[in-house]
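Residue-level structure breakdown
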Amino acid sequence: MHPARILVSFPFLFHLFRIKPLLLIVTTFELLPAGMLGKWLLGYRLIYDVQENYRKNIRYNHSLPALIRPMAEALVWIAETTTRPFVDAHLLAEACYLREMPELKRALVLENKAVQPLGQVPPFKLARPTAPKLLITGTITEAYGTLDAVRWFSKLAELLPGARLEILGHCPLRGFAEQLRHEASSHPQIHLHLSANPVPGSWIEQRIQDADVLLLPYRLLPSIAAKIPTKLYEGIAQQKPLLISCNPVWKALMDSYPAGMEVDFLDRLDIAETWQRFTSMEFYQQPPGNEVSWEEEKKRFLAFLDTL
């Protein structure tokens, strides 16, 4: 909603003419018109890195007021459709985008896998089952189930008074941040570190390392269910026990190690049984492999660039 998202095209064009690149990778839809104009004048190759299905996010994630959503979705459609003939190739952050956007030409799937070194520790059980440190990190929104997890944890804390939940990340919606603060105010075991701006990746990586359990309470919206969360890859790479919303795609990846278990964060009646099953698990009987690492994606990306 910020006007800077439109105005940024002007300094962007200035830098394109200053740098005169041979290749431009545009990572967000509002820069596509400027990128197209620059290509026409400077003759570089243009790649559109499709990091999100923006139209689907607008429709289902409810991050914009209802009256604005149709106009916002239309603007995204116009930006992506009118510039498509000038785009030489597409990078897709999710495999499901191949099905959702069959009109894209010359598309390579590059998933958001973990960039940190893979963990290599022997199989283990939860070290502090009665006083665990739980973590939610990344982008903090209602669509990602953060509030559901807070309410779920409040019931777990009645069973485990020594448990602690930390929520660290970028919370772009001020109203939702206030709602979270209100919910957490009556629970001293919940610690919030919310930022209106994106949080450095090094902070998030350190918090994951320090946590006992990583919570991934995503709501199964049509804009989310077919995607594989980056935090799932990162949690597995660091060999962290995971509690994640029920989804067969995520479960298949998690069970191969095993890395954790599925949880219905809206079901607060069977928390004692859920926790007992979770703490009886032996995690990471198989160490993480290349299926969660960015290294293989990087090789494919570099090979793809050679074909342009």
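Everything that follows concerns the structure shown earlier in this document.
Every value quoted in this text rests on a predicted model; they were computed, and no experiment measured them. (Residues numbered from 1 in each chain as written. Predicted model: local features only at pLDDT ≥ 70, side-chain atom pairs only at ≥ 80, totals over all residues. Heavy atoms only, no water.)

**Remarks on the overall build of the chain**
Selection rule: Under the scheme used here, helices are H or I runs from DSSP no shorter than 4 residues and strands are E runs no shorter than 2 residues, and both carry numbers assigned from the N terminus. Based on C-alpha atoms, the radius of gyration is set beside the globule rule, defined as 2.2 Å times the residue count to the power 0.38. Accessibility here uses a 1.4 Å probe with only protein chains present; expressed as a share of the type maximum, an area under 20% marks a residue as buried, one over 50% as exposed, and anything in between as partly exposed. Only heavy atoms matter for contacts: two residues are in contact if any of them lie within 4.5 Å across the pair. The protein chains shown are the only cover counted for residues, whose accessible areas, like all others here, come from Shrake-Rupley with a 1.4 Å probe.
For the chain, the helix and strand inventory stands at 13 helices and ten strands. A compact globule built from 308 residues would reach a C-alpha radius of gyration of about 19 Å, and the chain, at 21 Å, matches this within 12%. The proportion of buried residues among the 308 residues of the chain is 49%. Put simply, 69% of the contacts in the chain that link residues at least 6 apart link residues at least 24 apart. A total accessible area of about 15400 Å² is found for the chain, and carbon and sulfur atoms account for 59% of it.

**Structural notes on the layout of surface pockets**
For the record, the criterion: With a 1 Å grid spanning the protein atoms alone, the term cavity applies to any set of points in which a 1.4 Å probe fits but cannot get out, the term pocket to an open set with protein on both sides within 12 Å along at least five of seven lines, and the term lining residue to any residue with an atom within 4 Å of a point. Grid points are joined across faces, edges and corners, and a volume is the space filled by probe spheres set on the points. For this classification, Asp, Glu, Lys and Arg are treated as charged, while Ala, Val, Leu, Ile, Met, Phe, Trp, Tyr, Cys and Pro are nonpolar and the rest, including Gly, are polar.
Here the second largest pocket is characterised by a volume of approximately 150 Å³. In this structure, the second largest pocket is lined by W152, M261, E262, V263, D264, D267, D270, I271, E273, T274 and R277. Broken down by secondary-structure element, the contributors of at least two residues to the lining of the second largest pocket are strand 10 (260-263) and helix 12 (271-279). A class-by-class count of the residues in the lining of the second largest pocket yields four nonpolar, one polar and six charged.

**Some words on empty space enclosed by the protein**
Remark: the empty space left among the atoms is shown by a probe the size of a water molecule rolled over them. Overall, the coordinates contain two cavities of 30 Å³ or more when judged by the stated rule. Of the volumes computed, that of the largest cavity is approximately 70 Å³. Lining the largest cavity are L32, Y48, V50, R55, E80, T83, R84, V87, H90, M101, E103 and L104. Residue assignment for the lining of the largest cavity shows that the elements contributing at least two residues are strand 2 (45-50) and helix 5 (69-83).

Read these as spatial facts, not as claims about activity.
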